[in-house]
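What follows is each chain in one-letter form.
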Amino acid sequence: MVNIQNALLWGYLLVSIVIVPGIITGLIRKVKARLQNRIGAPVWQPLLDLIKLFRKEETLSETASWLFRFSSALNLSIAVYLAITSPWISPRPDTGACDLFLFLYLFAAMRLFTMLGAMDTGSPFGPFAASREATLSFMVEPAAILSLASLALVARSSDLTVVFSNYTSQHWALWVLSGSAFLLASLVELSRMPIDDPTTHLELTMVHEAMILEASGKNLALVEFANALKLSILFGISAQCFLHAIPGLMVNASPTIHGIAGLTGLSLVAGSVGIFESLSVKLNWRAAPEFIAYSLAVALIATLAALGADFV
Amino acid sequence: MKLEVLPLKLEERTTVVKEALDAGDRLGLITSIDGGQLLTLLLSPQMHTVTCFQTPIEDPVYHSITSLVPQAHWFERTTMDMFGLLPQGHPRLKRTHLHEPYAFEGAPLCNDVRDVDAHAYQFFDVEGEGIYEIPVGPIHAGIIEPGHFRFSCYGEIILNLEIRLGYIHRGVEKRLTEVPCHQARFVAEAAASDMPVANALAHVTAMESLLDFVLPGSCQFLRTAALEIERIAMHLSDLGGLAGDIGFLAISSSMARLRGLALRMGELLTGNRLMRGYICIGGVSMHSSSESRRELIKVAEQLKQQLEPVIDLYLANQVAIDRMEGIGKISCSLAREFGLVGVAARSSGISYDCRRYWSHALFPGEDFEISVEQTGDVFARAKVRIREIKSSLQLLMKLLQEPHAGPDWVPLPEELPRNSSAVGIVESHRGELIHLIITDHQGKIQRYCIKDPSVNNWTALAIAVRNNLVADFPLCNKSFSLSYSGHDL
């Protein structure tokens, strides 16, 4: 009986890893399109795009070394590994521990390899965007760590699985604070509005998109999929934080309810990001630290609240 | 406006031009007819007069006036490319049109085979630790025209921008001397395809003055309406582009929708959304029924109503304003020195609008307010555009309410007068557009010269982005909204 349930959970997880990233990306695009009075592509369009990219011929820069394609493959492997181990979607099979520092620094490793890949091709935009990415990433690092560390502090474990499963808390405010701080940090991490406009065609303003300009065909498919997966994981973690803030929802409920709640939460987070991106204006590059400061401030409040909760 | 070509000696040229400019005149353009002379067009807005000086040149070398009159710099470079006339002492003499692949068999518009030096283009070199060069274009990410931008950056800050154009030189000016003059309007319109009305109007204004013909008010009234509709549509498109560049998607898509209304007005008036082929010598090519005029007024009112909330939303967003304020500044003195035109000049405090000074369509008879801002930044240019949309709408509604009765078209003689010249100056949505026509002793067009407003303003863009962030370049670029094909011709 346990085995069948475990097998079902594994099946659910693997199907989610393949399908959910595409749908979530498509959902954000759909929301943005509707808010601009456009009909927009169907939500599953990113999945079709992936299939299309896999079939396309690849153009490779003459100056690119093995590192360029290796980094895309490695990034996707890291993203899949994190998707399997981290509690971004519920319910989940038992996949062992997922340390929060490992979690965040594996994302940092992904970024490192994206940056190396960007500098490898000899395009003038790649290194330029890589320098921006590096600037952003070290600014946002404290916010991302503190928001999750505050939860770990109360759970007395840095294992995210423990934080999100065993933890039955009345501290709903803490969950909301951590979730919000992590979501704001994720927007920076993912180079989305208001730091970077993912829909722009202007290479000179891009952060993430300029780093992958040289990728094409199958290589681009890997990059796009890894990025969509990263987006789903980061938004999924925020969604799980918000879900845990609802009293009683994530405790002692059946896997079906967990599954519905997990997917709904993730879609709601993605939908709100879509609304936010339609209404907001891209910040001046000099104002980016101010936005990151919001995220850091919320994360600090969460940490203080966690410390307080710990002493009580 | 009919022109009289006055002779001017080469030795006196510098002094005469300098004195005229100091007295408040503008340098219209510098060009040549066949490489044996220099033409200098001076515009005096206060006196409403245009003076054309012809300076004979035997040796293809002359003294550059750029160091005294900076606004001459681009004209002198283009004249070198097209006629092989070498301006001696030009501080930054580089080619504008002739690229390396061009087979150098002499200057394209020059009569005698003149040896042009086929040296490779040298970009301005900025050196120092941490200086980074970004080449952008000529093929751009958006589906736009080609142009090459060479940025020298220090970190995220632009130290220098050099713009290289000329990738789509199609020989428009030469072609205009070859086609029958009653069909030339189609070529003239294509000089810059996002301002067909302005180009066609400048063309017919020059042609009709060559023929010494004054059209009845009814034709001019329709042309005025078309010109204003084009201005509204293009300003809306530019504002939407500005919003898009700062990621303000809601405004960007609303502006695209509103531009659709403006294009609808164009369709109701001319039967064609982009109003091509409408303005012709002797009037306009299509009759618009009173029914479609009534519909036109309705659409104009609709546009006016729907525009307000979008503009309010745009200007109520503090982040959007922060993105535009203080970015890409051009001071008033700089704008004057480089002879900027159009929105770029008016947002730097120069109150120059051709509609006030030069006769084209119903202007300068129609009354309207010139929109001027003082700050000279991206926001000022956006504000000037917003105010111009409003004033153009108002003017259009007023015109449509009291239509001029009369014919749409009157037949004009086919023969052009001999040895004469005329100029048409039009305020397009980009600014001062000049078409200069010179006929030879047989009454054939010997030289057709177009001065697109972008020619004046491209340099301003290069200057405006200095010391700004690289990420703000697209915003500055959009705020100037310059034409590649209008420059390249």
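These numbers were taken from a predicted model, which means no experiment stands behind them.

(A) Quick peek at the overall build of chain A. Along its length, chain A carries eleven helices and zero strands. What you see in chain A, going N to C, is helices and strands ordered as α-α-α-α-α-α-α-α-α-α-α. In terms of its C-alpha atoms, chain A occupies a principal-axis envelope of roughly 60 × 45 × 40 Å. A total of 312 residues make up chain A; the buried ones form 50% of that total. Considering only intrachain contacts with a sequence separation of at least 6, the fraction spanning at least 24 residues in chain A is 80%.

(B) Layout of the sheet that holds strand E9 (residues 148-154) of chain B. Residue and element names in this part refer to chain B. The strand order across the open sheet formed by three strands is E8-E9-E10, and the pairing between neighbours is antiparallel. Two strands in the sheet have a free side with no partner beyond their single neighbour: strand E8 (131-136) and strand E10 (157-164). Across the sheet, the axes of successive neighbouring strands diverge by a mean angle of 20 degrees, strand direction being ignored. Two elements, E9 and E10, share seven bridges in a ladder whose sense is antiparallel. What sits directly across from Cys153, in E10, is Ile158.

(C) Region of interest: the environment of B:Ala335. Checked against the element boundaries, B:Ala335 lands in helix H10 (residues 332-337). On the neighbour-count criterion, B:Ala335 (24 C-beta atoms within 10 Å) is buried.

(D) Here's a closer look at the environment of B:Glu427. All names here are of chain B. Relative to the assigned elements, Glu427 resides in strand E13 (residues 421-427). Among the residues examined, Glu427 registers 27 C-beta atoms within 10 Å and is labelled buried. Along the backbone, Glu427 and Tyr352 are 75 residues apart, and their C-alpha atoms lie at a distance of 9.8 Å. Excluding its chain neighbours within four sequence positions, the residues that come into contact with Glu427 are Asp353, Cys354, Arg355 and Glu432.

(E) Focus on the interface of chain B and chain A. Across the contact, 24 residues belong to chain B and 21 residues belong to chain A. Counting residues per element, the ones that place at least two in the side of chain B that touches chain A are E8, helix H7 (249-270), helix H9 (318-324) and helix H15 (473-480) of chain B.

(F) The arrangement of the sheet that holds strand E5 (residues 49-56) of chain B in detail. Residue and element names in this part refer to chain B. Read across the open sheet, the four strands follow the order E2-E5-E4-E3; overall the sheet is mixed. The open sheet terminates on both sides in strands that have one partner only, identified here as strand E2 (5-7) and strand E3 (26-31). For this sheet the average axis-to-axis angle between neighbouring strands, irrespective of direction, equals 25 degrees. Pairing geometry for E3 and strand E4 (residues 37-44), over five bridges, is antiparallel. By the bridge assignment, Thr31 is partnered in E4 with Leu39. Most of the contacts of helix H1 (residues 10-22) go to E4, to which it runs at about 15 degrees, and overall it touches E3, E4 and E5.

(G) Local environment of helix H6 (residues 217-245) of chain B. Across its 29 residues, H6(B) extends 42 Å between first and last C-alpha, which sits within 8% of the 42 Å expected from 1.5 Å per residue. One or two positions beyond H6(B), positive phi appears at B:Gly247, with a value near 75 degrees.

(H) Geometry of the packing of helix H3 (residues 66-85) of chain A against helix H4 (residues 100-120) of chain A. Residue and element names in this part refer to chain A. Contact geometry for H3 and H4: axes closest at 8 Å, N-to-C directions at 165 degrees. Our classification of the angle between H3 and H4 gives roughly antiparallel. Once H3 is placed against H4, the crossing between them reads as left-handed. Along the contact surface, H3 presents Leu67, Phe68, Ser71, Ser72, Leu74, Asn75, Ile78, Ala79 and Leu82, while H4 presents Phe103, Leu106, Ala109, Met110, Phe113, Thr114, Leu116, Gly117 and Asp120. Considering only residue class, the contact of H3 with H4 consists of twelve nonpolar, five polar and one charged.

(I) Just the domain arrangement of chain B, in detail. All names here are of chain B. Its domain assignment divides chain B into domain 1 (2-122) and domain 2 (172-488). Averaged C-alpha coordinates put domain 1 and domain 2 at centres separated by 26 Å. Domain 1 puts 19 residues into the contact, and the matching count from domain 2 is 21 residues. When contributions to the side of domain 1 that touches domain 2 are tallied by element, the ones reaching two or more residues are strand E1 (2-3), E3 and E5. A per-element tally of the side of domain 1 that touches domain 2 places E3 first, with five residues.

(J) A look at the packing of H6(B) against helix H13 (residues 378-401) of chain B. All names here are of chain B. Orientation of H6 relative to H13, taken along the N-to-C sense of each, is 150 degrees, at an axis distance of 9 Å. Viewed along their axes, H6 and H13 adopt a mutual orientation that is roughly antiparallel. In the packing of H6 onto H13, the handedness of the crossing is left-handed. The segment H6 lies against H13, with Phe221, Thr224, Ala225, Glu228, Ile229, Arg231, Ile232, His235, Leu236, Asp238, Leu239 and Leu242 engaging Ala382, Arg385, Ile386, Glu388, Ile389, Ser392, Leu393, Leu395, Leu396, Leu399 and Leu400.

(K) Summary view of the nonpolar core. Core analysis: the largest hydrophobic core is formed by 232 residues, its most contacted members being B:Leu201, B:Ala226 and B:Ile229. The leading source of residues in this core is helix H9 (residues 217-245) of chain A, at 16 residues. Looking at this core, you find at least three residues from each of domain 1 (2-122) and domain 2 (172-488) of chain B. Residues within four places of B:Ala226 in sequence aside, it is in contact with B:Val197, B:Leu269, B:Thr270, B:Met275, B:Tyr278 and B:Ile279.

(L) Here's a closer look at unusual backbone geometry. Residue and element names in this part refer to chain A. Between Ser90 and Pro91 the backbone carries a cis peptide bond, its omega angle lying at -5 degrees. By the element assignment, Pro91 lies in the loop between H3 and H4. Cis rather than trans, the peptide bond between Met193 and Pro194 has omega equal to 0 degrees. Relative to the elements of secondary structure, Pro194 occurs in the loop between helix H7 (172-189) and helix H8 (208-211).

(M) How the structure looks around the confidence of the model for chain B. Put simply, chain B has an average pLDDT of 89, and 98% of its residues get 70 or more. For this predicted complex, the interface confidence comes out at an ipTM of 0.84, alongside a pTM of 0.90.

(N) Structural detail: the pairing of strand E14 (residues 432-439) of chain B. Residue and element names in this part refer to chain B. By the criterion of burial, E14 is predominantly enclosed, with eight of the eight residues buried. Covered by surrounding structure in E14 are Glu432, Ile434, Leu436 and Ile438 together with Leu433, His435, Ile437 and Thr439, the residues of both alternating faces. Alignment of E13 against E14, held across seven bridges, turns out to be antiparallel. Its bridge partner being in E14, Ile425 is matched across the sheet by Ile434. Linking E13 back to E14 in an antiparallel pair, the connection comprises four residues, with Gly431 at a positive phi of about 130 degrees. Between E14 and the antiparallel strand that follows it, strand E15 (residues 445-451), lie five residues; Gly443 among them carries a positive phi value of about 80 degrees.

Cut-offs used in this document
- Throughout, residues of each chain are indexed from 1 in the direction in which the sequence is written.
- Following the order in which they are written, the chains are lettered starting with A and the ligands numbered starting with 1.
- This being a predicted model, a pLDDT of at least 70 is required before a residue's local features are given, and a value of 80 or more before pairs of side-chain atoms are given or counted; all residues contribute to the totals for chains, interfaces and linings.
- Note on conventions: DSSP H or I runs of at least 4 residues are helices, E runs of at least 2 residues are strands, and numbering of each starts at the N terminus.
- Here exposure depends only on C-beta density: within 10 Å of a residue's C-beta, 20 or more other C-beta atoms make it buried, 12 or fewer make it exposed, and intermediate numbers make it partly exposed, the C-beta atoms being placed from the backbone.
- Note on contacts: residues are paired as contacts if their backbone-placed C-beta atoms lie within 7 Å.
- A pair of strands counts as paired when DSSP detects no fewer than two bridges linking them.
- Working convention: axes come from line fits to C-alpha atoms, limited for helices to the stretch in contact. Angles between N-to-C directions cover 0 to 180 degrees.
- Multiply 1.5 Å by the residue count of a helix minus one, and that product is the helix's expected span.
- Should an angle fall under 35 degrees it is taken as roughly parallel, and over 145 as roughly antiparallel, whereas 65 to 115 is taken as roughly perpendicular and any remaining angle as oblique.
- For any pair of crossing helices, the crossing counts as left-handed if the nearer helix is rotated counterclockwise from the farther one by less than a right angle, and right-handed if it is rotated clockwise.
- Three classes are used: nonpolar for Ala, Val, Leu, Ile, Met, Phe, Trp, Tyr, Cys and Pro, charged for Asp, Glu, Lys and Arg, and polar for all others, with Gly counted as polar.
- Domain delimitation follows an automatic or database domain assignment.
- Each nonpolar core comprises buried Ala, Val, Leu, Ile, Met, Phe, Trp, Tyr and Cys residues, the members being joined through C-beta atoms within 7 Å.
- Scored between 0 and 100, pLDDT is the confidence that the predictor attaches to each residue.

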